[in-house]
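# Working through the structure, step by step
For reference, the chains in residue letters:
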Amino acid sequence: MRAAVLHEIGQDKLEIFDDIEATGFGPGRVRIRVRATGLCHSDLSAMAGVLPQPAPFIPGHEGAGEVLEVGEGVTNVKAGDRVVVCWLPACGACPACKRGQTELCLAGFMNAGTPNFKRPGGDVFGFAGTGTFTEEVVVDAGCAVPIPDDVPFDIAALIGCGVTTGLGAALNTADVEAGSSVAVIGCGGVGISAIQGARLRGAAEIVAVDPVLSRREAALKFGATKAVSPDELADAKQSVTAGEGFDYVFEVVGRSATARTAYENTRRGGTLVVVGAGAMDDFLQLNMFELFFDEKRILPSMYGGGDVLRSYERTIALWRAGRIDLEGLITHRVPLVDINEALDQMRTGVSLRTCIEI
């Protein structure tokens with residue numbers, strides 16, 4: 001079967017092979033025919049070595065498709081079911097799951113260290129234990145989440161990561177209050193989803209911050225009340241909040257520099273939500289006095305900061321009701337053979353989400 005493979009960390013191009021085999025099928029496992037997958041910035045971060053991932057590997061973790069086969073003991077899905085791939089399944093038994101913080105379950109991360117593909121040259125890993133830039137993938141049953149028949153595969157793929165992460169940051173982690181002021185730094189697919197979440201919660205002012213003009217223009221269509229470049233953020237802070245700072249600031253880039261900017265633009269007593277996935281050696285500097293004196297809350301948001309399965313259901317319900325726009329997030333579509341074109345679209349910022357059709 002075909003798949004896009006990164007040979008070594010640090011390479012910026014993927015190579016298409018047609019001799020890949022999905023491995024590991026057996027009890028408790030599910031084989032999925034991938035139909036659509038989104039390109040998430042985390043895929044680029046893993047390719048660059050910002051996020052830890054053994055190589056060679058197949059990127060992709062935001063996918064949807066149909067079940068081809070289920071192993072012994074699998075009861076949540078059956079052959080023919082339409083599913084979204086959940087890259088962070090909850091085991092239901094660890095301390096985090098028992099506390100209701102299923103997004104902090106580490107069971108899914110353990111899958112990332114086990115190869116789930118092979119080719120004549122040897123084993124191949126799947127990013128985040130999945131690897132959806134391929135025609136088929138074998139995953140734990142908990143990674144295959146059934147979806148209703150009326151949800152298209154491309155929409156379902158977005159729900160698998162970016163939309164759930166952005167919406168959840170606003171709805172679960174920040175719990176944005178009606179009438180509040182919000183700034184979102186970084187307006188790709190995840191940032192736009194955070195904007196939609198803030199709009200759902202009734203935020204009065206939502207300022208989108210991004211260096212790319214097309215993304216700023218898109219943010220206005222998705223609910224932002226103002227869109228500015230990073231250089232214009234100080235003026236926006238002054239005009240929208242009289243210089244006090246925003247009630248909520250979402251950092252959706254994953255860099256200490258933008259996190260520091262987000263902190264400085266959060267009002268005293270306000271909330272900074274860290275959504276972007278950054279590097280382990282990129283440190284955010286805060287002094288002890290400002291932490292104490294400003295009493296700003298710093299809330300990291302992992303995969304939307306809530307129960308993933310419930311978040312999927314909520315997103316589908318909101319999409320059906322026309323309360324959120326998911327179709328509009330897909331700005332580009334490419335076949336798997338043109339995956340490097342999709343990478344360029346992400347790197348240059350011209351796309352919100354590129355859907356890879358498989």
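Before any of the text, the structure's been laid out above.
The rules we used
- Residues numbered from 1 in each chain as written.
- Predicted model: local features only at pLDDT ≥ 70, side-chain atom pairs only at ≥ 80, totals over all residues.
- Heavy atoms only, no water.
- Phe/Tyr/Trp six-rings, centres within 6.5 Å; stacked < 30°, edge-to-face > 60°.
- Helix = DSSP H or I, 4+ residues; strand = E, 2+ residues; numbered from the N terminus.
- Buried < 20%, exposed > 50% of the residue type's maximum accessible area, 1.4 Å probe, protein only.
- Lys NZ or Arg CZ within 6 Å of the ring centre and 35° of its normal.
- Pairing = 2+ DSSP bridges.
- Right-handed = clockwise from strand over helix to strand, strands pointing away.
- Salt bridge = Lys/Arg side-chain N within 4 Å of Asp/Glu carboxyl O.
- Patch = residues over 30% accessible without salt bridge, like charges linked within 9 Å, V, L, I, M, F, W, Y side chains within 5 Å.
- Areas by Shrake-Rupley, 256 points an atom, 1.4 Å probe, with all protein chains shown as cover.

## Some remarks on the packing of aromatic side chains
- Taken as a whole and judged by the stated rule, the model has 3 aromatic pairs.
- Centroid distance Trp87 to Tyr303: 4.6 Å. Interplanar angle 25°. Geometry classified as stacked. Of the two residues, Trp87 sits in the loop between β7 (82–85) and α2 (95–98) while Tyr303 sits in the loop between β17 (297–300) and α11 (308–320), which places them 216 residues apart along the sequence.
- Using a relative accessible area of 13% as the deciding quantity, one classes Trp87 as buried.
- The aromatic ring of Phe17 is capped on one face by Arg119, whose charged end is 3.6 Å from the ring centroid.
- Positioned above the aromatic ring of Tyr263 is the side chain of Lys296, whose terminal nitrogen or guanidinium carbon lies 4.3 Å from the ring centre.

## Some points on the pairing of strand β12 (residues 181–185)
- The element β12 is extensively covered by neighbouring structure, given that 5 of its 5 residues are classed as buried.
- The side-chain alternation of β12 yields two buried faces, one formed by Ser181, Ala183 and Ile185 and the other by Val182 and Val184.
- The pairing of β12 with strand β13 (residues 205–209) spans 5 bridges and is classified as parallel. Within the sheet, the bridge partner assigned to Ser181 lies in β13 and is Glu205.
- Read from β12 through helix α6 (residues 189–200) to β13, the crossover connection turns out right-handed.

## Things to note about the pattern of salt bridges
- The final tally for this structure, using the stated rule, is 21 salt bridges.
- Here Glu21 and Lys118 are joined by a salt bridge, their closest N and O atoms 3.9 Å apart. Note that Glu21 is positioned in strand β3 (residues 21–22) and Lys118 in strand β8 (residues 117–119), a separation of 97 residues in sequence.
- A residue is classified by how much of its surface remains accessible, and Glu21, at 43% relative accessible area, is partly exposed.
- Residue Glu66 is joined to Arg35 by a salt bridge in which the shortest nitrogen-to-oxygen separation is 2.5 Å.

## Focus: a nonpolar patch on the surface
- Where nonpolar side chains cluster on the molecular surface, the patch consists of Leu104, Leu106, Phe109, Met110 and Met302 and spans about 480 Å² of accessible area.
- With respect to the helices and strands, the residue Phe109 is situated in helix α3 (residues 107–111).
- Overall, Phe109 belongs to the partly exposed group, its relative accessible area being 39%.

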